[in-house]
Amino acid sequence: MENLWESALREIRGRLSSENFETWIEPIRFVSIEEDQVRLRVPNRFYEEWLSTHYVDVILEAIRLHGDGLLSEQLNYEEPGNSSALPEDLKLQWVVDEGLQREIEHIRNTERIADEQASKASTGSKTAVQQPHADLNPKYNFDNFVVGPSNQLAHAASVACGSSPGQRYNPLFIYGGVGLGKTHLVNALGHTITASNNKVRILYLSAEQFTNEFIWALKNHRISEFREQYRSRCDVLLMDDIQFLAGREQTQEEFFHTFNALYHLDRQIVVTSDVYPQQIQEMEERLISRFQSGMVADIQAPELDTRIAILQQKAEQESIELLPDVALFLAQVVKSNVRELEGTLIRIAVKADLLNRPIDLELAQETMQVSKTSPDKAIGVDDIQRTVCDYFGIRMADLKGRRRHRAVSFPRALAMYVSRSRLGCSFPDLGDRFGGKDHTTVMSAYRKISRLVKEDSKVRQDVEAIERKLGF
Ligand code: ADP
Ligand code: MG
């Protein structure tokens, strides 16, 4: 029976995004199948509810798909004429087991540690597995994408690409920080194309999958099939997280040729990256210039109003009742990343459900306190200094020292800026706290970062990330 569940899991994994799979499916434990009942163990009631409303069909279908053959083999089902062993009206039954959560945490931790050790030990060569292409994620469409000033351009370009692929914006390069909606936009774009013409052959995959498949094809002497698939049997190539190709020379070379082949056939190419084309380290010049030859659209961290709208949209989608003051509070606390914003909302909803409490400001504040460094104690300059050192991976001695190399001078200036803007420290006082510097030095550092925060999204993100760590 375990086999049946494992095959079903593989099937489900291919259908969901890896995040959803890890969050919702992986924690499930198989219990039994008896007659028309499939029993599955889940960590709490929230899972039960969530899975019941979102994933029953996927799970049942996967079980049915793999069940019939396997079941008759494994159970020695010997009823004559009954080759299809699973009843038509298969039902899922949940067994809630609170201890399961701890067990899962434990396994995840162990796996993480094992992974870390393995990656330390490995010589950098990745295990090559041939992965199926993830299909477009049905969850992501334009209707549930909230548009604001931060993502307007990328949104408009994606809509245009979706309605006339291969024409105006080719290639389209979408860049933006982690969790800001790149994958969402690319999927939405893909859906629009499929909706208007379902014969269009769309390949949607991450650069990591492309790399893995390429390596696999090399090892297994299937390179011509690989090329055929990407160059001749593809009308639209949507490649997520292209920054993964950084430093992978051979895969870049392959991608370059794929790119050219498609481009000359007027096939639409869309790539996303978490940095601007030129900033992808160890990326070949010629690839970068290909990316820049089309449309480059960025996504910035969303403004407060957009964050509120996203929360409300998400709440509605998940049938979570979200009061305006709670939405405002959450949007004020979580600033830089939409995924985190959504995660926070879900976390609070889970908590409310478990504790049987309403989702109100009190609960939201309580939940957010947990992630603050020290909610009770006032934050001081030394907290800021420590957090900045951690964030940039530099030593306190360097932060307070006199070296002018950017690797230390930038964090130093940033720490001064946060201390001044958040704690209102005076310039001379800060000079003292930073190893006895002149107040004019502090002042010019403060001014410089104030300007950069307005002009450079990367700097703004750094500041926000640090402030969030400090719980501001
Ligand atoms: P990225 O690929 O840039 O790391 P994702 O596209 O995976 O980010 O987005 C992270 C999460 O945030 C997804 O669940 C996505 O639906 C959601 N999201 C991001 N931006 C928006 C938006 N403008 N409106 C609605 N949801 C959004
Ligand atoms: Mg993504």
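## As for the nonpolar core
(1) Moving on: Ranked by size, the top nonpolar core spans 77 residues in total, and within it Ile25, Leu40, Leu51, Ile59, Ile63, Leu172 and Leu330 carry the most contacts.
(2) Moving on: Here the element with the most residues in this core is helix 14 (residues 338–355); it accounts for 8 residues.
(3) Moving on: Leave out the neighbours within four places in its chain, and Leu40 touches Trp5, Ile28, Arg29, Phe30, Val31, Ile59, Leu92, Gln93, Trp94 and Val95.

## Examining the site of ligand 1
(1) Moving on: Lining the immediate environment of ligand 1, one finds 18 residues, of which Val146, Gly179, Thr183, His184 and Arg339 sit closest.
(2) Moving on: One of the side-chain N or O atoms of His184 is found 2.6 Å from an oxygen atom in ligand 1.
(3) Moving on: Compared with its free state, where it exposes 550 Å², ligand 1 has 95% of that area covered by protein.
(4) Moving on: Secondary-structure elements contributing two or more residues to the shell around ligand 1 are helix 7 (182–196), helix 12 (304–317) and helix 14.
(5) Moving on: Along the lines of polarity and charge, the residues of the shell around ligand 1 split into 7 nonpolar, 8 polar and 3 charged.

## A short note on the pairing of strand 7 (residues 268–273)
(1) Moving on: Counted residue by residue, strand 7 has 6 buried out of 6 residues, so it is predominantly covered.
(2) Moving on: Residue alternation in strand 7 divides its side chains into two sets, Gln268, Val270 and Thr272 and Ile269, Val271 and Ser273, and both sets are buried.
(3) Moving on: Examined bridge by bridge, strand 4 (residues 172–176) and strand 7 share 4 bridges and lie parallel to one another. Among the inter-strand pairings, Ile174 is bridged to a residue of strand 7, identified as Thr272.
(4) Moving on: Examined bridge by bridge, strand 6 (residues 236–240) and strand 7 share 4 bridges and lie parallel to one another.

## As for unusual backbone geometry
(1) Moving on: Along the chain, Asn170 connects to Pro171 via a cis peptide bond; the corresponding omega equals -5 degrees.
(2) Moving on: By secondary structure assignment, the location of Pro171 is in the loop between helix 6 (152–163) and strand 4.
(3) Moving on: Positive phi values are uncommon outside glycine, yet His221 reaches one of about 55 degrees.
(4) Moving on: With respect to the secondary-structure elements, His221 resides in the loop between helix 8 (207–219) and helix 9 (223–232).
(5) Moving on: His221 gets classed as exposed once you look at its relative accessible area, which sits at 70%.
(6) Moving on: Backbone geometry at Asp241 places phi at a positive 55 degrees, although glycine is not the residue there.

## Quick look at the pattern of salt bridges
(1) Moving on: Scanning the entire structure with this criterion turns up 23 salt bridges.
(2) Moving on: Where Arg286 meets Glu253, a salt bridge forms, and the shortest distance between an N and an O atom there is 3.0 Å. A residue pair is termed long-range when its members are at least 10 positions apart, and Arg286 in helix 11 (residues 285–292) and Glu253 in helix 10 (residues 249–264) qualify at 33 residues.
(3) Moving on: Residue Arg286 is classed as partly exposed on the basis of its relative accessible area, which comes to 29%.

## Regarding the sheet that holds strand 7
(1) Moving on: As summarised here, the arrangement of the 5 strands in space is 5-6-7-4-8, forming an open sheet in which the pairing is parallel. The outermost strands of the open sheet, each flanked by one partner alone, are strand 5 (202–206) and strand 8 (295–299). Strand-to-strand twist of the sheet, defined as the mean angle between neighbouring strand axes without regard to direction, takes the value 15 degrees.
(2) Moving on: Relative to strand 6, strand 5 runs parallel, the two being bridged by 5 bridges. Note on strand 6: the bridge partner recorded for Leu205 is Met239.

## What to know about the layout of surface pockets
(1) Moving on: Each pocket or cavity is described by its volume, and for the second largest pocket that value is around 540 Å³.
(2) Moving on: If you trace the second largest pocket, you find 24 residues lining it, with Gly177, Val178, Asp274, Lys458 and Gln461 closest to the centre.
(3) Moving on: Those elements that place two or more of their residues in the lining of the second largest pocket are strand 4, strand 8 and helix 21 (457–470).
(4) Moving on: A per-element tally of the lining of the second largest pocket places helix 21 first, with 7 residues.
(5) Moving on: In terms of residue class, the lining of the second largest pocket is made up of 8 nonpolar, 8 polar and 8 charged.

## Looking at the packing of aromatic side chains
(1) Moving on: The final tally for this structure, using the stated rule, is 18 aromatic pairs.
(2) Moving on: A ring pair is formed by Phe255 and Phe259, whose centres lie 6.1 Å apart and whose planes are at 65 degrees; its orientation type is edge-to-face. Placement of both Phe255 and Phe259 in helix 10 is noted, with a separation of 4 residues, approximately one turn of the helix. With respect to burial, Phe255 and Phe259 carry one shared label: buried.
(3) Moving on: Each ring, one from Phe392 and one from Phe410, has its centre 5.8 Å from the other, and the planes form 85 degrees; the classification is edge-to-face.

Cut-offs applied
- Residues numbered from 1 in each chain as written.
- Chains lettered and ligands numbered in written order.
- Predicted model: local features only at pLDDT ≥ 70, side-chain atom pairs only at ≥ 80, totals over all residues.
- Heavy atoms only, no water.
- Core = buried A, V, L, I, M, F, W, Y, C linked by side-chain atoms within 4.5 Å.
- Buried < 20%, exposed > 50% of the residue type's maximum accessible area, 1.4 Å probe, protein only.
- Helix = DSSP H or I, 4+ residues; strand = E, 2+ residues; numbered from the N terminus.
- Contact = heavy atoms within 4.5 Å.
- Near = heavy atom within 4 Å.
- Polar contact = N/O pair within 3.5 Å; in protein donor to acceptor, adjacent residues only side chain to side chain.
- Areas by Shrake-Rupley, 256 points an atom, 1.4 Å probe, with all protein chains shown as cover.
- Nonpolar A, V, L, I, M, F, W, Y, C, P; charged D, E, K, R; others polar.
- Pairing = 2+ DSSP bridges.
- Salt bridge = Lys/Arg side-chain N within 4 Å of Asp/Glu carboxyl O.
- Axes fitted to C-alpha atoms, helices over the stretch in contact; angles between N-to-C directions.
- 1 Å grid on protein atoms, 1.4 Å probe; cavity = no way out; pocket = protein on both sides within 12 Å on 5 of 7 lines; lining within 4 Å.
- Points joined across faces, edges and corners; volume = space filled by probe spheres on them.
- Phe/Tyr/Trp six-rings, centres within 6.5 Å; stacked < 30°, edge-to-face > 60°.

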